[in-house]
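Take a look at the letters that make up each chain.
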Amino acid sequence: MGEAKEKLYRVHLMVCAGTGCVSNRAFEIKEALEKEIKKRGLENEVMVVTTGCNGFCERGPLMVVQPGNIFYQMLTVKDIPYLVEEHLLKGRPVQKLMYQPPEEKKPVPVLSEINFFKKQVLVALRNRGLIDPEKIEDYIARDGYKALVKALTQMTPEEIIKEIQISGLRGRGGAGFPTGLKWQLVREAISPDGEKYLVCNGDEGDPGAFMDRSILEADPHSVIEGMLIGARAIGATKGFIYVRNEYPLAVKRVLIALDQAREYGLLGHDILGTGFDFDIRVVRGAGAFVCGEETALLASIEGRLGEPRPRPPYPAEKGLWGKPTCINNIETWANVPVIIDRGGKWFASIGTATSKGTKVFSLVGKINNTGLVEVPMGITLREIIYDIGGGIPGGKKFKAVQTGGPSGGCIPAELIDLPIDYESLTQAGSMMGSGGMVVMDEDTCMVDVARYFLSFTQDESCGKCTPCREGTKAMLDILTRITEGKGTEEDLILLEELAHTVKEASLCGLGKTAPNPVLTTLRYFRDEYITHIRDKKCPAHVCRQLNVYTIDPQICLEKGHGCDVCRRNCASEAILGAKGEAHRIDQSKCIKCGVCYDVCNFGAVKVE
Amino acid sequence: MPKLTIEELEKLREEARKTTFIREQSEFRAKINVHMGTCGLAAGARNILNAFLREIEKRGLTDVLLTTSGCAGLCSREPMATIEIVGQAPVKYVDLTEKKAQEIFEKHILGGEIVTAYALGIGSEKTDL
């Protein structure tokens, strides 16, 4: 800011600098581009812009050339000189660096024609790939802070709340509480000294989830503007953004954005000369999963131990320092400016009867197109997994999808045509959650998945209440026993009983939802538990303690000529046989580590 | 940077849009394509390109698309540019100089009048993939 007027360039190179692409060396690509552009004398014609996450993380590092919307992927520093000469100098887009769908013979040059992007509807991610998150002018050019002006000059606080209610927006953090109602409750709540607070929950902690992180990294002003509008609606003058310290890029970019907004007078005293005061402070969380729970988060902001407390009173009544407090998650805040700008009715026209608008999901696991997607509510799992996600790698069979992280559940392949909204996911035993979507294929053991998620929640349980502290531990013990082949059928009954007790009796959302992965896998994949218990077998061969490794002597001798690699790699000296002979495994010594299976180049080691 | 008033914010938005508009895939009223093959570059296509760019910048236009392409095949008449007012047939201009480029910009792009003195003919080679 404060620099001379921005120059007109004929080409903008939009280099993705989300966390995924940065880990793939996007900044090296950027440097190489700048160097080459200079070498070719293009520095007055071509501008390199770093943007937030483009979404198609699987294919990073990414770059989009504008105008033209030409999508380049899996770039390396070595590709850059050729790309600059061909595309930027001579105007010939480089086909070999474009995305080619596996089933097609020709690449798809234009971003909007790629299947991954086609079915997406961008509301919360409306500025995706179009702005530099570290430049407020870029946000302003894309109608940024226009909704704020409207909210400050043309609407009363009641009208703002009404508009949010009309939109049908519900909390994007997982539970789906109606946002407009929450705002109204906080507005009506009586504060002893008139002070009310606003909080942005950025304590995203589900394994495999990176929606909120990406929004804060890619478009921090959308969250700030949403909070400004919320503050006006509920009558708050102070706000907090609680973000994990292990999201360094998000912390850095939101701090830059706050400074810029303050400099322009969009935060602080007498905003835009309207007499409205509001400012935001960033609070860095230490990475405790339980701090995503609102009462624990508030305790953490106050400087106390991040532990939940019973509700009521809800934060809307008694929140930060006992004052009425409105807590919404990052994605919820990012939706607010668009709703005010385009109207609640417009927002409500997207989605289903009870779930309006769009939802951002991070699509991960056994899926071809890993990435960040925003889709209208009501889209089916099939569309997300096959049309957008490109299906399962290696032609494997789709088995289940885990939504809602450790609080959610596993939805089986039979329900692939399930429309995604708050209610249908809850009915299926899972939940919307903040939007993590972990895809699993036939090689996934569902008992092991339940064990993994429970080990996570057990680890993250704060220990304040007994059902969660002891219950998750007891459940984890049972699950571990089953995966080791030591489970009994009585264990299943006990497991279910424990799960229901923990769900009923825990103090906060962490404990109340921790049994969901266990309950859904029991509901949809009970036969897998039974196989583990009765037959002492893991159908997916994941639970290694249940595996029996043998060597096919014929294959070993004929194909591998007794190559001896397995014997040399076996740490427990369980493999017998000399070089040139067929090898075999001494089952009494085998510790089932699976190394022989992994190192055999001839497929002679069999697992049952 | 002083604190903004609402009017100043709107002004800032307009200013910012003058440079970021090309990121959006909006419709363009006119397209200028400068041929930048080796022959074009040797003949000075670079200066022609920059002349067009500065004309657009000077006027703050957001509806004129400036692109490049490879050799158009008539190397002896470079630098060349193809100009198309959307909805009309493209026109190829040859033997360009910066001065001619300015004149073409004013007459053809802004005025809608083909500068026949510098034009080779109507039509364009296929540049799509």
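Residues numbered from 1 in each chain as written. Chains lettered and ligands numbered in written order. Predicted model: local features only at pLDDT ≥ 70, side-chain atom pairs only at ≥ 80, totals over all residues.

The helix and strand tally for chain A stands at 25 helices and 18 strands. Overall, the C-alpha framework of chain A stretches about 85 × 65 × 40 Å when taken along its three principal axes. Scored against the burial criterion, the 608 residues of chain A give a buried share of 55%. For chain A, the proportion of contacts with a sequence separation of at least 24, taken over those separated by at least 6, is 71%. (Helix = DSSP H or I, 4+ residues; strand = E, 2+ residues; numbered from the N terminus. Buried ≥ 20, exposed ≤ 12 C-beta atoms within 10 Å, placed from the backbone. Contact = placed C-beta atoms within 7 Å.)

Attention now goes to the overall build of chain B. Within chain B, the secondary structure is distributed over four helices and five strands. Each helix (α) and strand (β) of chain B, taken in turn from the N terminus, gives the series α-β-α-α-β-β-β-α-β. Taking the principal axes of the C-alpha coordinates as reference, chain B spans close to 55 × 30 × 30 Å. The buried share of chain B, taken over its 129 residues, is 37%. Taking the contacts inside chain B whose residues are at least 6 apart along the sequence as the reference set, 69% of them involve residues at least 24 apart.

This part takes up helix 6 (residues 146–153) of chain A. All names here are of chain A. Buried within helix 6 are the following residues: Ala147, Leu148, Ala151 and Leu152. Within helix 6, the buried residues cover an arc of 130 degrees as seen down the axis, which keeps them to one side. Residues of helix 6 that are buried sit in contact with helix 7 (157–167), helix 10 (220–234), strand 8 (276–285) and helix 13 (330–342). (Arc of directions from axis to C-beta.)

On to the interface of chain A and chain B. Think of interface size as the accessible area that goes away when the parts come together; that is how it is often given. Across the boundary between the two partners, chain A contributes 33 residues, which contact 32 residues of chain B. Those elements that provide at least two residues to the side of chain A that touches chain B are strand 1 (11–16), helix 5 (136–141) and helix 6 of chain A. Its residues assigned to classes, the side of chain A that touches chain B comprises 14 nonpolar, nine polar and ten charged. (Nonpolar A, V, L, I, M, F, W, Y, C, P; charged D, E, K, R; others polar.)

Here the focus is the sheet that holds strand 2 (residues 64–69) of chain B. All names here are of chain B. Strand order in the open sheet made by the five strands is 2-1-3-4-5, with mixed pairing throughout. The open sheet has two free edges, formed respectively by strand 2 and strand 5 (119–122), since each of these has just one partner strand. The sheet shows a mean angle of 20 degrees between the axes of neighbouring strands, taken without regard to direction. Judged from the three bridges that link them, strand 3 (residues 81–85) and strand 4 (residues 91–93) form a sheet pairing that is antiparallel. Along strand 4, the bridge assignment pairs Thr82 with Lys92. Contacts between helix 4 (residues 98–110) and the sheet are confined to strand 1 (30–35), strand 2, strand 3 and strand 4, with strand 3 contributing the most and set at about 25 degrees to the helix. (Pairing = 2+ DSSP bridges. Axes fitted to C-alpha atoms, helices over the stretch in contact; angles between N-to-C directions.)

Let's shift gears to the pairing of strand 11 (residues 371–376) of chain A. Residue and element names in this part refer to chain A. The buried count for strand 11 comes to six of six residues, which makes it a mostly enclosed element. Taken together, the six bridges between strand 10 (residues 358–365) and strand 11 define a ladder with antiparallel strand orientation. What sits directly across from Phe361, in strand 11, is Val373. Taking the residues that link successive antiparallel strands as the turn, the strand 10-strand 11 hairpin has five residues.

A few words now on the confidence of the model for chain B. Residue and element names in this part refer to chain B. Averaged over all residues, the pLDDT of chain B is 88; the fraction at 70 or higher stands at 92%. Per-element averaging of pLDDT across chain B places strand 5 at the bottom with 81 and helix 4 at the top with 94. Scoring the predicted complex yields pTM 0.92 and, for the interface, ipTM 0.88. (pLDDT = per-residue confidence, 0-100.)

This part covers the nonpolar core. Counting residues in each nonpolar core, the largest one holds 206 residues, and the members touching the most others are A:Leu13, A:Met63 and B:Phe52. Discounting residues that sit within four places of it in the chain, A:Leu13 has contacts with A:Leu33, A:Val46, A:Met47, A:Val48, A:Val49, A:Met63 and A:Val65. A:Ile551, A:Cys556, A:Cys566 and A:Cys570 belong to the second largest nonpolar core, which has twelve residues in total. (Core = buried A, V, L, I, M, F, W, Y, C linked by C-beta atoms within 7 Å.)

What follows deals with the sheet that holds strand 5 (residues 197–202) of chain A. Residues and elements named next belong to chain A. Overall, mixed pairing links the five strands, which are arranged 7-8-6-5-9 in an open sheet. For this open sheet the edge positions go to strand 7 (268–271) and strand 9 (325–329), each flanked by a neighbour on one side alone. Ignoring strand direction, the axes of neighbouring strands in this sheet form an average angle of 25 degrees. Bridge count for strand 5 against strand 9 is five bridges, and the pairing is parallel. Paired with Leu198 across the two strands is Cys326, which belongs to strand 9.

Let's shift gears to the packing of helix 2 (residues 26–39) of chain A against helix 3 (residues 80–89) of chain A. Residue and element names in this part refer to chain A. For the pair helix 2 and helix 3, the least separation of the axes is 9 Å and the interaxial angle reads 50 degrees. Compared by their axis directions, helix 2 and helix 3 come out oblique. For the pair helix 2 and helix 3, the sense of crossing is right-handed. Across from Ile29, Ala32, Leu33, Glu36 and Ile37 in helix 2, the residues of helix 3 making contact are Ile80, Pro81 and Val84. Its residues assigned to classes, the contact of helix 2 with helix 3 shows seven nonpolar, no polar and one charged. (Parallel < 35°, antiparallel > 145°, perpendicular 65-115°, else oblique. Left-handed = near helix turned anticlockwise from the far one by under 90°.)

All names here are of chain A. Looking along the chain, the bond that leaves Gly60 and enters Pro61 is cis, with omega of -10 degrees. With respect to the helices, strands and loops of the structure, Pro61 is situated in the loop between strand 2 (46–51) and strand 3 (63–66). At the junction of Gln66 and Pro67, the peptide bond is cis and its omega measures out at 0 degrees in the coordinates. In this fold, Pro67 is placed in the loop between strand 3 and strand 4 (70–72). Here Met74, not a glycine, exhibits a phi torsion of approximately 45 degrees, which is positive. Summarising the element assignment, Met74 is placed in the loop between strand 4 and helix 3.

Judged by how many residues are buried, helix 9 (residues 211–218) of chain A sits mostly within the fold: eight of eight residues are covered. Of the positions making up helix 9 of chain A, those classed as buried are A:Met211, A:Asp212, A:Arg213, A:Ser214, A:Ile215, A:Leu216, A:Glu217 and A:Ala218.

With that out of the way, let us pick up the environment of A:Val599. All names here are of chain A. Along the polypeptide, Val599 turns up in helix 25 (residues 595–599). Sequence-wise, Val599 and Cys570 are 29 residues apart; in three dimensions their C-alpha atoms are separated by 9.9 Å. Ignoring anything within four residues of it in the chain, the contact list for Val599 reads Val565, Cys566 and Asn569.

Let us look at the environment of A:Tyr524. Residue and element names in this part refer to chain A. Considering the arrangement of structural elements, one finds Tyr524 in helix 21 (residues 516–524). C-beta crowding within 10 Å serves as the criterion here: with 21 such atoms nearby, Tyr524 is assigned to the buried category. Each residue touching Tyr524, except ones within four places of it in the same chain, is listed here: Cys410 and Pro412.

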